Amino acid sequence: MAIDYKALKNGGFMRQVQKNRFSMRLKVVGGNLTAKQLSAIADIATRYGNGYVHLTSRQGVEIPFIKLDDTDAVKKELEDSDVLSGVCGPRVRTVTACQGEKICPSGCIDTYALAVEISERYFGRELPHKFKFGVTGCQNNCLKAEENDLGVKGGYIINYTRENCTLCGLCAKVCREDAITVTKETLTLDPEKCTNCGRCVKSCPTDAWTGESGYILSFGGTFGNLIAKGKQRLPIIKDKAMFFRVADAALDFFDKYGGPGERFRVVIEREGWDKFQSAVDKAYATVS
Amino acid sequence: MADYIVDATVDITDVVCPITFVKAKVALEELKIGAVLSIRLNDGEPVQNVPRGVKDEGHKVLRLIDNEDGTYNLIVRKENDE
């Protein structure tokens, strides 16, 4: 029987060096799996694999040593426990995320919720080459946003209310950019230096600093054969609808100008950053 | 801002993260609600993170005093017993 490797790859089956054995890639969103999913995965690895799983570099899980003949049964059993197959090949891959503001004291955005929405909208979408999204909650960048084709980093759009301020000086101390200067009488902010990290808001004892969550995007990151850091080309984005308009525009650009097997970064560089900029600027300017 | 009277002090300059926060938290636990604690902490990571941790626990940061010797005194009022 001829084996359709391409079809298998679509379904997340990675051919192994061992004949007729496949490493089965599972769908994971934002790095979270429920206990129920984990026990189903453990059960499958025990019965159909070699009793272990591999954790990928992008928060994925693979079960190695699945026999070709067992693939349908394995898929069915996993689906019954809400575990779906992952994807490989030229399409939108696993959406990664740190734990974000729901868990981490440093987080500025709900990374998991955003990862789920991104995944629902784009996961598996076919493109000229692989496309990776990663969502990190703050400037600490635990999730390494700029390694991704489209990276999202949480930030705060900050606001200062003089009446609430006691000039305690904590914000000036915690600001890593030296954007805030506090004297006995005044507080001044240099907006040029502000990176939207939100540390002033997080540390302020009197809520003189408040923050509104926003998304800082980076485009064209790749960390495989070619290593290039994603670039920030737009100001921080406040609303999710605008984020998705911009992401749509970025993916459409890739789809329109990318040749088969070309990474997003290569396409942007060939077509020119200015051309890419106009595409995302247009989406950024559109009012919903 | 209203003046305060320091009821207790703790020095956390002899420990590193995450023990800095734990030591401050233990010192707060020994106090009554409304009592004021002065926490002596180092510049750098402790002054960046301990005040935020204290705030997240629901206590009130009253003041940060620069001792100008590489340490700070963080003045905190205990707000709850949780």
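Because the structure is predicted, anything quoted here is derived from the model rather than measured.

This part is about the overall build of chain A. From N to C terminus, chain A includes nine helices and twelve strands. Its C-alpha atoms give chain A principal-axis dimensions of about 80 × 45 × 35 Å. In chain A, which comprises 288 residues, the share counted as buried stands at 42%. Considering only residue pairs separated by 6 or more positions, chain A has 65% of its internal contacts joining residues 24 or more positions apart.

All names here are of chain A. For chain A, the assigned domains read domain 1 (5-80) and domain 2 (96-155 + 215-285). Here the C-alpha centroids of domain 1 and domain 2 sit 27 Å apart. Taken together, the contact pairs six residues of domain 1 with seven residues of domain 2. Broken down by class, the residue content of the side of domain 1 that touches domain 2 amounts to one nonpolar, four polar and one charged.

Residue and element names in this part refer to chain A. Here we have four strands laid out as an open sheet, ordered β5-β6-β7-β10, and mixed in their pairing. Each of the sheet's edge strands pairs with one partner strand only, and the pair in question is β5 (96-97) and β10 (209-219). Note: strand β6 (residues 133-136) against strand β7 (residues 150-160), four bridges, orientation parallel. Its bridge partner lying in β7, Phe133 is registered against Leu150. Against the sheet, helix α4 (residues 111-122) engages β5, β6 and β7, with an angle of about 165° to β6.

Pairs of packed helices are described in terms of their axes, by the angle between the two and the distance that separates them. All names here are of chain A. Helix α9 (residues 273-285) packs onto helix α7 (residues 240-257) with a crossing angle of 150° between their chain directions and a minimal axis gap of 8 Å. Taken as axis vectors, α7 and α9 run roughly antiparallel relative to one another. Crossing of α7 against α9: the hand is right-handed. Note on element contacts: α9 touches α7 through Phe276, Ala279, Val280, Lys282, Ala283 and Tyr284, opposite Met242, Arg245, Val246, Asp248, Ala249, Ala250 and Phe253. For the contact of α7 with α9, the residue count by class is ten nonpolar, no polar and three charged.

Here we take up the nonpolar core. Here is a general trend for soluble globular proteins: nonpolar side chains tend to be buried in one another's company. Residues and elements named next belong to chain A. Counting residues in each nonpolar core, the largest one holds 85 residues, and the members touching the most others are Ile41, Cys200 and Ala250. The element contributing the most residues to this core is α7, with seven residues. Looking at which domains feed residues into this core, each of domain 1 (5-80) and domain 2 (96-155 + 215-285) gives three or more. Once you skip the residues sitting within four places of it in the chain, Cys200 turns out to touch Ile158, Cys171, Val174, Cys175, Ile180 and Trp209.

Reading the values: rules and limits
Residues numbered from 1 in each chain as written. Chains lettered and ligands numbered in written order. Predicted model: local features only at pLDDT ≥ 70, side-chain atom pairs only at ≥ 80, totals over all residues. Helix = DSSP H or I, 4+ residues; strand = E, 2+ residues; numbered from the N terminus. Buried ≥ 20, exposed ≤ 12 C-beta atoms within 10 Å, placed from the backbone. Contact = placed C-beta atoms within 7 Å. Domains from an automatic or database assignment. Nonpolar A, V, L, I, M, F, W, Y, C, P; charged D, E, K, R; others polar. Pairing = 2+ DSSP bridges. Axes fitted to C-alpha atoms, helices over the stretch in contact; angles between N-to-C directions. Parallel < 35°, antiparallel > 145°, perpendicular 65-115°, else oblique. Left-handed = near helix turned anticlockwise from the far one by under 90°. Core = buried A, V, L, I, M, F, W, Y, C linked by C-beta atoms within 7 Å.

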